[in-house]
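# A look at the structure
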Amino acid sequence: MAASELEKMITETEELLGALADAVRITDMNGNMLYQNQAYERMLKRSSTELVADGRDIFISKKAVGKITVYHDISEVNRLRKELDRLSQKLRKAETKYSFKDIIGQNPALVRVVDTAKVAAMTPATILLRGESGTGKEVFANAIHNSSPRRNEKFIKINCSSLPEELLESELFGYKDGAFTGAKRGGRKGLFQEADKGTLFLDEIGDISPRMQVKLLRVLQEREVMPLGSSETVSVDVRIICATHKPLEDMVKRGEFREDLYYRLNVFPLFIPPLRERKEDIGAISAYLLNKHNEFYSRSVERITPHAVELLKRQDWPGNVRELENVLARAIIGLGTEETVLDEEDIAAALGETRSMQETETCAKKAQSELEDKELQDRSFQIPEKLAETVEAAERACILQALRTTGGDKNKAAVILDLPLRTLYYKCKKLGI
């Protein structure tokens, strides 16, 4: 009776089962096949299929009468996982790229940090790099490793904020074979084991969860890790460098960051000053970055003019050196391949939308003031006797009108005037606008 009811159920749901993308197979209690959908039949024809089966008993009137099994093909997932592992391994094992020579500047605060970092590099102490985003914490970490007794060993880095907690845990501590569904056969070493005898750089350490804080504290205390799925610990000899832009002291007070972990990490703190506090270094940094990007962008810029440097110094740089690098990269891209000098107009054009609101408002007020002060207010102007002066007066009138229309936004004004932004900046400078 139960068998016929099972067959009836299959008949009633056959259309639904056939529409499923996953392979489905139904058997009776003796294992005899009663139904399989087309996805299951297609699965049998593939040679590279890697399956995960999920089976459940079928009950009718509280009696088990059969079993339904759903098969999931995870071959593509595993292929992508292997590719990701390969790329991650390649990135993590990349040799350090920077030394202290790549930290540019003569600002007294920066010089003190560099000198302190050089001393810290020769010790095995844990180092905590503090500073705003874009100040160069990763450059410091590279430089410290390159100047340490571990310079010939691995430098491995990981951004703690870029991975979910479960994945971060397996990345840091590794796992044993069969630790979880989809785990790599044979298990995998974590970053602590990979960095053994070398340096592990934990970027954005302030973003790890409370549970991960406990696990990390244990590693720092015991100098050993326990891979997922294992009951045995593995000793590691790793130099730890951490970095964060978050106020850890405030987080400790709010209970968001463990106090004992904070003191374990804060053995040798280094505070990197933001770019706005060392603007005297902008010229030297710019020259360094131009030389760095010349080859990458196939340019041949030999120098940046003093006026261009002064324009850079007038910016606030909330994104610090990283933002400055982006602006210079845009300026280089905008040059011709034969140009050798980066001038104020190039920088002004590259700044574009990154110019501060204060500068935009100042420009708008200036344009409005000039319109009110001159005969342009009644849309007329006195025609000079010389042709060149006439052309300049006409250009000035058109530019001021466009700036008034756009509220001082030179990017939009350039569109209205059908001019390259760089040309508009040049004309504004020439005409004293």
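It should be emphasised that the depicted structure is a prediction, and the values quoted were computed from it without experimental measurement. (Residues numbered from 1 in each chain as written. Predicted model: local features only at pLDDT ≥ 70, side-chain atom pairs only at ≥ 80, totals over all residues. Heavy atoms only, no water.)

## What about the sheet that holds strand β1 (residues 23–28)?
The antiparallel open sheet is built from four strands, whose spatial order is β2-β1-β4-β3. Among the strands making up the open sheet, the edge pair consists of β2 (33–36) and β3 (51–60). Strand-to-strand twist across the sheet, computed as the mean angle between neighbouring axes with direction ignored, equals 20°. Looking at chain direction, β1 and β2 are connected through three bridges and run antiparallel. Within β2, the residue paired with R25 across the bridge is Q36. Contacts from helix α2 (residues 38–45) reach β1, β2, β3 and β4 (63–73), with the element oriented near 105° to β1. (Pairing = 2+ DSSP bridges. Helix = DSSP H or I, 4+ residues; strand = E, 2+ residues; numbered from the N terminus. Axes fitted to C-alpha atoms, helices over the stretch in contact; angles between N-to-C directions. Contact = heavy atoms within 4.5 Å.)

## Some points on the pairing of strand β12 (residues 239–244)
With six of its six residues buried, β12 lies for the most part within the structure. Side chains of β12 alternate between two faces, with R239, I241 and A243 and I240, C242 and T244 buried alike. As paired elements, strand β9 (residues 199–203) and β12 share four bridges and run parallel to each other. Bridging from a neighbouring strand, F201 pairs with I241 of β12. (Buried < 20%, exposed > 50% of the residue type's maximum accessible area, 1.4 Å probe, protein only.)

## Regarding unusual backbone geometry
Although it is not a glycine, S61 adopts a positive phi angle of roughly 55°. Tracing the chain through its elements places S61 in the loop between β3 and β4. With relative accessibility at 69%, the residue S61 sits in the exposed group. In this structure, W317 takes a positive phi of about 55° despite not being glycine. Mapped onto the elements, W317 comes out in the loop between α12 (306–313) and α13 (320–333).

## Focus on the environment of S4
Checked against the element boundaries, S4 lands in helix α1 (residues 2–18). Judged by relative accessible area, S4 falls into the partly exposed class, the value being 40%. Considering only alpha carbons, one finds S4 and V65, 61 residues apart in sequence, at a separation of 9.9 Å.

## Here we look at helix α8 (residues 210–222)
End to end, α8 covers 19 Å across 13 residues, agreeing with the expected 18 Å (1.5 Å per residue, within 8%). Turning to α8, its buried residues number three or more, namely M212, Q213, L216, L217, V219 and L220. Buried residues of α8, viewed axially, fall in a sector of 160°; they line one side. Looking at the buried positions of α8, the neighbouring elements they touch are α6 (165–173), α7 (191–194), β9, β10 (224–225), β12 and α10 (259–265). The first or second residue beyond α8 is R223, which carries a positive phi of 55°. (Expected span 1.5 Å × (residues − 1). Arc of directions from axis to C-beta.)

## Overview of the nonpolar core
Among the nonpolar cores identified, the biggest contains 36 residues, and I304, L312, W317, L324, L328, L342 and I347 are the most heavily contacted of them. Mapped by element, the contributors of at least two residues to this core are α11 (282–296), α12, α13, α14 (344–351), α16 (387–405), α17 (410–417) and α18 (421–431). When residues in this core are grouped by element, the largest group, six residues, is from α13. With near-sequence residues (within four places) excluded, L324 lies in contact with L275, I285, S286, L289, L312 and W317. Among the nonpolar cores identified, the runner-up in size contains 30 residues, and I156, I208, I240 and M251 belong to it. (Core = buried A, V, L, I, M, F, W, Y, C linked by side-chain atoms within 4.5 Å.)

## Looking at helix α5 (residues 137–146)
Most of α5 sits out of view: seven of its ten residues are buried. Looking at α5, one finds that the buried residues are K137, F140, A141, N142, A143, I144 and H145. At its buried positions, α5 is contacted by α4 (108–121), β5 (127–130), β6 (155–159), β9, β12 and β13 (268–271).

## Brief notes about the state of the cysteines
Evaluation of the coordinates by the stated rule reveals zero disulfides. You can see C242 has no disulfide; the closest cysteine sulfur is in C160, sitting 7.4 Å from it. On the accessibility criterion, C242 (0% relative accessible area) is buried. (Disulfide = S-S within 2.5 Å.)

## Topic: the sheet that holds β13
What the five strands build is an open sheet, ordered β6-β9-β12-β5-β13; its pairing is parallel. Both outer strands of the open sheet, β6 and β13, are each paired with one neighbouring strand and no more. Ignoring which end each strand starts from, the neighbouring axes of this sheet average 15° apart.

## A look at the pairing of β4
Each regular strand displays side chains that alternate between the two surfaces of the sheet. Note: β1 against β4, six bridges, orientation antiparallel. Along β4, the bridge assignment pairs R25 with T69. As judged from the ten bridges shared by β3 and β4, these two strands associate in the antiparallel manner. Bridge pairing links I58 to G66 in β4. Remark: two residues form the turn of the hairpin made by β3 and β4, two consecutive strands paired antiparallel; S61 in that turn has positive phi of roughly 55°.

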